[in-house]
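Results of the structural survey
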Amino acid sequence: SDVLQVSDEYGGDLFEVNPSVDPGRGNIDIDSDTLDINYVGIEHIELNASGGEGGTDSLIVNDDGADNVWEVRAGRFGDLIEIDDRETIDYSDFVDVELVNDFGNDIFRVHPTELANFSGTFTVTGDATDFDSLEAIGTAHTDTITSGPGGGPQGTVTVNGVSIRFGTLETIKLVGLE
C-alpha cells in the first residue's frame, strides 16, 4: 500500500488536506502554499506535527465536494480520519484539528473518547447550504455525554471529558454504545 508521510520539525504550521473527487488523489498545503504537496495513487497519509515537542501545528481536513460519511477514531499511527472509501489520514501531535465540509450532505461520526492526538480544540464545520450532521459516539461502557451552546460557532458536545466543537450543522446525534 502506498503511504505518504509528512512530518514537521519546528511547529507553528497549518497543514490543510484537500482530497480530490478521485480517491487516492489530492494535495496537502502547508502554510498557505509555503509547501504544496500533490499526491496521486496514495492509499494512506500519515501527518506528524511537532506538537509533542511544544509545537503549535494545526490541521484542517476539507471534504472532496461529494456526499460523505466521515469516521474519526483511534488509528495505528495516531488518530484516524476515514472519508468513505478513499485514502485514510492518520495524524499525530497537532494542537487544533478541524474537519470541514464545503459541499454535499455529510455525516461526521466522531469517537471522542478514542482521540488522543490533539491538545487544543477539535472542530467539525458543516456547509450552511446542505444537510450535515455530527454523531458523537460513546464507548461500550458507561459514558458521560453532554451537549450545549458555547465553544464552537453552534456549540460543543463532550463525551467522557473530550470536547468536540461544532458549527453549521443541522443535527447532532449523541450515541452511547452501552
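Whatever comes next refers back to the structure up there.
Residues numbered from 1 in each chain as written. Predicted model: local features only at pLDDT ≥ 70, side-chain atom pairs only at ≥ 80, totals over all residues. Heavy atoms only, no water.

Side note on the pattern of salt bridges
Tallied over the full model, the rule gives five salt bridges. Note that Asp64 and Arg86 form a salt bridge whose closest N and O atoms lie 3.1 Å from each other. Placement of Asp64 in the loop between strand S6 (58–62) and strand S7 (69–74) and of Arg86 in the loop between strand S8 (79–83) and strand S9 (88–92) is noted, with a sequence separation of 22 residues between them. Per residue, the accessibility class of Asp64 equals that of Arg86, and both read buried. The salt bridge involving Arg73 is made with Glu71; its shortest N-O contact spans 3.1 Å. The partly exposed category is assigned to Arg73, whose relative accessible area is 27%. Glu71 gets classed as buried once you look at its relative accessible area, which sits at 17%. (Salt bridge = Lys/Arg side-chain N within 4 Å of Asp/Glu carboxyl O. Helix = DSSP H or I, 4+ residues; strand = E, 2+ residues; numbered from the N terminus. Buried < 20%, exposed > 50% of the residue type's maximum accessible area, 1.4 Å probe, protein only.)

Considerations on the packing of aromatic side chains
Scanning the entire structure with this criterion turns up four aromatic pairs. Here a set of aromatic residues connected by ring pairs shows up, and it is made of Phe15, Tyr91 and Phe94. (Phe/Tyr/Trp six-rings, centres within 6.5 Å; stacked < 30°, edge-to-face > 60°.)

A short note on the pairing of S9
For S9, a buried count of five out of five residues is recorded, marking the element as mostly surrounded by other parts of the structure. Sheet topology note: the S8/S9 ladder contains three bridges and is antiparallel. In the sheet register, Asp79 faces S9, and the bridge partner there is Tyr91. Taken together, S8 and the strand that follows it, S9, pair antiparallel across an intervening segment of four residues, in which Asp84 is found at a positive phi of about 50 degrees. (Pairing = 2+ DSSP bridges.)

Details of the environment of Thr88
Mapped onto the elements, Thr88 comes out in strand S9. Residue classification places Thr88 among the buried positions, given a relative accessible area of 17%. For the pair Thr88 and Glu43, spaced 45 residues apart in sequence, the C-alpha separation works out to 6.6 Å.

Examining the nonpolar core
Counting 37 residues, the largest nonpolar core has Ile28, Leu47, Leu99 and Phe122 as the members making the most contacts within it. Counting residues per element, this core draws most heavily on strand S16 (residues 162–167), at three residues. Other than its neighbours up to four places away in sequence, Leu99 contacts Val61, Trp70, Val72, Ile81, Phe108, Phe122, Thr123, Val124 and Thr125. (Core = buried A, V, L, I, M, F, W, Y, C linked by side-chain atoms within 4.5 Å. Contact = heavy atoms within 4.5 Å.)

Quick word on the side chain of Asp90
With respect to the secondary-structure elements, Asp90 resides in strand S9. Buried and unpaired, Asp90 has no salt bridge, with Arg76 as the nearest side chain of opposite charge at 4.5 Å. Beyond its immediate chain neighbours, meaning those up to four positions away, Asp90 contacts His44, Ile45, Glu46, Leu47, Gly75, Arg76, Phe77, Gly78, Asp79 and Leu80. (Lys, Arg positive; Asp, Glu negative; His and termini not counted.)

Focus on the sheet that holds S7
What the eight strands build is an open sheet, ordered S1-S5-S9-S8-S7-S11-S13-S17; its pairing is mixed. The open sheet has two free edges, formed respectively by strand S1 (3–7) and strand S17 (171–175), since each of these has just one partner strand. On average, adjacent strands in this sheet sit at an angle of 15 degrees to one another, irrespective of strand direction. In this sheet, strand S11 (residues 107–110) lies alongside S7 in parallel orientation, the contact comprising four bridges. Residue pairing across strands places Val72 opposite Val110, the latter belonging to S11. (Axes fitted to C-alpha atoms, helices over the stretch in contact; angles between N-to-C directions.)

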